[in-house]
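Letter by letter, the chains look like this.
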Amino acid sequence: MQDNRNGHGARGRLHRWPRWVAGVLLVVIGLVLVVGGVWLLMLGGSAYYLATGLACVMSGVLLWRGNARGLWLYAAMLLATLGWSFWEVGVQFWQLLPRLAGPTAIGALLALPIVRRRLSDAADTGTRWGLGGIVIAACAALVGTFLIVPVFEVSSTRGDTVASLDPSGTQWTDYGADVFGTRHSAAARITPANAARLEPAWTFRTGDTKANMPGIKSISFMATPLMVDDRVVFCSPTGKVFALDADSGRQVWLRDPHTRIGNAQMLNCRGVSYHADPAATGMCAQRILSMTVDGRFLASDLATGRPCPDFGRGGTVNLDEGLGDVDPFRSYTSSPPVIVGNTAILGAYVRDNYTRDDPSGVVRAFDVKSGRLLWAWDSGRPDDAPPLKAGEQWTRGSVNAWTAFSADPALGLVYVPTGNATPDHVGTHRSAFLERYASSIVALDAATGRVRWAFQTVHHDLWDYDLPAQPVVADFTLKGRKVAALVVPTKRGEIFVLDRATGKPLVPAEERPVPRGTLPGERYAPTQPYPVGFASFAPPPLSEAGMWGVTPLDQMWCRIRFRSLDYKGMFTPPSERGMLQWPGTFGILNWGSVSIDPVRKLMIVNSAAIPQEVRLFRHGNGTDRPALAKDSHAPGYLPQYGTDYGVSLLPMLSPLGIPCEAPPWGRLAAVDLTTGRIAWSRTFGTSADTAPLSIPLPGAFNLGGSATTAGGVTFIGAAMDDYLRAFDTASGRELWKGRLPAGGQATPITYVSRRTGRQYVVIAAGGHAYMGTTPGDSVVAFALPTR
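Residues numbered from 1 in each chain as written. Predicted model: local features only at pLDDT ≥ 70, side-chain atom pairs only at ≥ 80, totals over all residues. Heavy atoms only, no water.

This part covers the overall build of the chain. Within the chain one finds 8 helices and 41 strands. Against the compact-globule benchmark of 28 Å for 787 residues, the chain has a radius of gyration of 29 Å, which places it among compact chains. Dimensions along the principal axes, computed over C-alpha positions, put the chain at roughly 110 × 70 × 60 Å. Scored against the burial criterion, the 787 residues of the chain give a buried share of 61%. Pairs at least 24 residues apart make up 64% of the contacts formed inside the chain by residues separated by at least 6 positions. When the accessible area of the chain is evaluated, it comes to approximately 29500 Å², of which 58% is carbon and sulfur surface. (Helix = DSSP H or I, 4+ residues; strand = E, 2+ residues; numbered from the N terminus. Rg over C-alpha atoms; globule rule 2.2 N^0.38 Å. Buried < 20%, exposed > 50% of the residue type's maximum accessible area, 1.4 Å probe, protein only. Contact = heavy atoms within 4.5 Å. Areas by Shrake-Rupley, 256 points an atom, 1.4 Å probe, with all protein chains shown as cover.)

Within soluble globular proteins, side chains that are nonpolar generally end up buried alongside one another. The biggest cluster of nonpolar side chains holds 51 residues, and the ones touching the most others in it are I190, W202, V232, V233, F234, Y751 and V762. Sort the elements by how many residues they give to this core and strand β40 (residues 759-765) lands first, with 6 residues. Excluding its chain neighbours within four sequence positions, the residues that come into contact with I190 are A195, L198, T709, G711, V713, F715, Q759, V761 and L784. Counting 34 residues, the second-largest nonpolar core is a separate cluster that includes V472, A485, V487 and M652. (Core = buried A, V, L, I, M, F, W, Y, C linked by side-chain atoms within 4.5 Å.)

Where burial is concerned, the two faces of strand β35 (residues 706-709) agree: the one with S706 and T708 and the one with A707 and T709 are both buried. Pairing geometry for strand β2 (residues 184-185) and β35, over 2 bridges, is parallel. The residue bridging S185 from the neighbouring strand is T709, located in β35. Linking β35 to strand β36 (residues 713-716), which pair antiparallel, is a turn of 3 residues; within it G712 sits at a positive phi near 90 degrees. (Pairing = 2+ DSSP bridges.)

Attention now moves to unusual backbone geometry. Of the consecutive residues W582 and P583, the connecting peptide bond is found in the cis state with omega at 5 degrees. One can find P583 in the loop between β27 (579-581) and β28 (595-597). The residue after P663, namely P664, is reached through a cis peptide bond having omega 0 degrees. Inspection of the secondary structure assignment puts P664 in the loop between β32 (645-651) and β33 (666-672). In this structure, R183 is a non-glycine residue whose phi angle is positive, near 55 degrees. Along the chain, R183 turns up in the loop between β1 (152-154) and β2. Classification of R183 by relative accessible area gives buried; the value is 1%. Phi is positive for C284, close to 70 degrees, though the residue is something other than glycine.

As a further point, take the pairing of strand β22 (residues 472-478). The buried count for β22 comes to 5 of 7 residues, which makes it a mostly enclosed element. In this structure, β22 lies alongside strand β23 (residues 481-489), joined through 7 bridges in antiparallel fashion. Bridged to D475 within β23 is A484. In textbook terms, the turn of a hairpin is the stretch between consecutive antiparallel strands, and for β22 and β23 this stretch comprises 2 residues, one of which, K479, has a positive phi near 55 degrees.

With that settled, the discussion passes to a nonpolar patch on the surface. Nonpolar side chains collect at one region of the surface, where F86, V91, V143, F146, L147 and I148 lie side by side and expose about 590 Å² of accessible area between them. Counting residues per element, the nonpolar patch draws most heavily on helix α6 (residues 130-147), at 3 residues. Checked against the element boundaries, F146 lands in helix α6. (Patch = residues over 30% accessible without salt bridge, like charges linked within 9 Å, V, L, I, M, F, W, Y side chains within 5 Å. Salt bridge = Lys/Arg side-chain N within 4 Å of Asp/Glu carboxyl O.)

With that settled, the discussion passes to the sheet that holds β22. Pairing in this open sheet of 3 strands is antiparallel, and the strands run β22-β23-β24 from one edge to the other. This sheet does not close on itself; its edge strands, each paired only once, are β22 and β24 (495-499). Taking the axes of each pair of neighbouring strands and ignoring which way they run, one obtains an average angle of 45 degrees across the sheet. Bridge count between β23 and β24: 5 bridges; the pairing is antiparallel. Bridge pairing links L486 to L498 in β24. (Axes fitted to C-alpha atoms, helices over the stretch in contact; angles between N-to-C directions.)

Let's shift gears to the environment of R739. Locating R739 in the fold gives a position in strand β38 (residues 734-739). Looking at R739, the relative accessible area reads 43%, which means it is partly exposed. Sequence spacing of R739 and T182 is 557 residues, and the spatial spacing of their C-alpha atoms is 26 Å. Setting aside residues no more than four positions away along its own chain, R739 makes contact with D689, D722, Y723 and F782. Polar contacts involving the side chain of R739 include one to the side chain of D689, which spans 2.9 Å. (Polar contact = N/O pair within 3.5 Å; in protein donor to acceptor, adjacent residues only side chain to side chain.)

Mapping S564 onto the fold places it in helix α8 (residues 552-564). In contact with S564, not counting residues within four places along its chain, are L43 and R577.

Turning our eyes to something else, we now look at the packing of aromatic side chains. All chains considered together, the criterion is met by 25 aromatic pairs. Relative to W84, the ring of Y49 has its centre 6.0 Å away and its plane inclined at 85 degrees; by these criteria the two rings are edge-to-face. Of the two residues, Y49 sits in helix α2 (residues 48-64) while W84 sits in helix α3 (residues 69-89), which places them 35 residues apart along the sequence. Its end group placed over the ring of F433, R436 keeps NZ or CZ at 4.2 Å from the ring centre. In this arrangement the basic side chain of K737 is found over the ring face of Y723, its NZ or CZ atom lying 4.5 Å from the centre. (Phe/Tyr/Trp six-rings, centres within 6.5 Å; stacked < 30°, edge-to-face > 60°. Lys NZ or Arg CZ within 6 Å of the ring centre and 35° of its normal.)

This next bit is on α3. Here α3 spans 30 Å end to end across 21 residues, near enough to the 30 Å set by a 1.5 Å rise per residue. Every buried residue belonging to α3 is among G70, L71, Y74, A75, M77, L78, T81, L82, W84, S85 and V89, and all of these are buried. A positive phi of about 70 degrees marks G90, the residue just after α3. (Expected span 1.5 Å × (residues − 1).)

Bringing α2 into the picture now. Under the 1.5 Å per step criterion, the end-to-end length of α2 is 24 Å for 17 residues, consistent within 8% with the ideal 24 Å. Of all 17 residues that make up α2, 12 are buried, and the element is covered over most of its length. Along α2, the residues that are buried comprise Y48, Y49, L50, T52, G53, A55, C56, V57, S59, G60, L62 and L63. Looking one or two residues past α2, G66 carries a phi angle of roughly 80 degrees, positive in sign.

The topology assignment puts T173 in the loop between β1 and β2. Placed 485 residues apart in sequence, T173 and I658 show a C-alpha to C-alpha distance of 40 Å. Setting aside chain neighbours within four positions, we find T173 in contact with L226, M227, V228 and Y274.

Paired through backbone hydrogen bonds, the strands of a sheet run either parallel or antiparallel to each other. On the basis of which strands lie adjacent, the open sheet formed by 4 strands has the order β8-β9-β10-β11 and antiparallel pairing. Only two strands of the sheet have a single neighbouring strand rather than two, namely β8 (273-276) and β11 (316-318). Going from strand to strand, the sheet's axes swing by 20 degrees on average, the running direction of each strand aside. Pairing of strand β10 (residues 296-301) with β11 involves 3 bridges; the strand directions are antiparallel. Looking at the pairing, L298 lines up with T316 of β11.

Shape is all these values report; function is a separate question.
Printed below as a string of structure tokens:
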């Protein structure tokens, strides 16, 4: 008798364990939702999570007890979730997914007959069609909205324009293809009709990897090569200069400057420059100009790679002269100089948010033959200031210009995109002189360095919204009027179109009121400029309903973060409470700039953004690290020495490491330059090579540039997955993608070999340290098959 009772008890416990598991699961999920829901409600947020949490707890308790009403309660909660989700976000699949997927999966498990029968003591719970029907409805909603997810947000109605130019000697002689920065090639042998046949042609590895350099903080290979006289020339992150055969990728020469690596924040070299003297012959008649992170400016012979003996001292100029006390690894030149005539003009990078006592951001011009300093423009000095006297220094902490410049030789102007005077997120220390030309396009006379005009895109910049992109010189007809334009992409996603001779807006720009902060001693600009009547890539404002996550739990966490921080739009002032910066300091448009197809009159723009949390920490003497900043991470806490505040910069991510803003995060678009409107816009790239479980979320973050061709094909890497892609310039249709050995956070080039007549597409595949893309040291070429 005792044995029978024991057996019956064991069988009973075996029968009841599913309800216990289900009950515990729902109670645990419910309690998390209740706690988070109360927190969110106290912050003024949605009551849904609290109500849903209570429903889950009650359902779990009932199921633990074998009460069929637990299933009915869960069914009611799932039905309410379905209705609430559509009410809050409509038919947007990526917004519906985190709201419905998890609860629906649990509902589907509970509705299985083999499970349902063990969840209740009742013979028939009546939930077969109740809960099951709601699960089917939720699944149908997800599948239906997924099927209508648009690849194109704007579809093109334009037809292609047949190119008529394809010189056999097409080269890529400047960082932006030409001194204007158009990133356009006359090559037309690769077309939308044959691009799908592209295949790997050759690969070259530099050997510059983090594994080969112990102690390096970060390294990124983002160089844009040049192709001159059938030689592909580029720099590696350590400043080595390579020349490769354009057809085979075989190394022709290497100049290794044996750079002192030290403590550079990020090893990087974006490219080199080329100059030819048609009146000269022999060594260095054609020369390559490059820089190193330890403050040297080099000139090398294109044919042999040997140092040009007439340039500086043995082919080297010291860029640290006149800068005073310099930590060469906090300030260095990473972008190639622009060359106008025999003058090479270059700026310098300065580490963000570190100290107000940075080296000067002076822009300098050197004679490309002798290396002699011709002129210098220091924004911290009067425009008519005389040259430095012996022993004097350029203004410390003055506005710097780290990205690539462009020029109009006919006007004798070089266009300099500037940043703000660091530190970036506090402006109490900035003088009127340091503010004049901050976050601006400054047109300098290429012969004298004098300011001819300036246009400021952000007033009193507290957001690190410096101008990161090479401005583009282009002539086109806009709204029936021929314009000689300078196109200025910004981190904000706005594109200013200026008269390149005068700096006056060709597209109207209006000043709009922006919020003011309350930081003691800080000044706040009352308005900021916005272009009117031209395509904008600025994202819509953030909202609690727009917060995202993979599950309702991390979505709730993102909602709590949103409600816990200041947010009043793009120009929300930094604060000690913390604020949401949208876009973050990476911006929407960055150093990849834009490319312009002058035949099709289209401008290709790749854009991306994720929110960023910015929090100021008060410190007494500007040298101590606040304890509250201990949770900061990449780039983490930055001291802003010389001010009253340090700052932490955190990407706004869920606990699972997913952005709190719903995908797609990255897009590729074309702007019709005759109307100023978007001609087509589509999602671009995926997260397949970086996301957990290789989940290919669409439209991932991207960083890098595009190149257009007369053949009607646009090439771009940039995305977080390891591919180079080809798109039909006229329609945006993806034509091809080629696998890369590492992230393609660079700008591709294309050229036609004079020797073989074959068109190649070449990109540096080395990844980006801060984006977490696959690191590497490869230069990869693709071409059409010869057979």
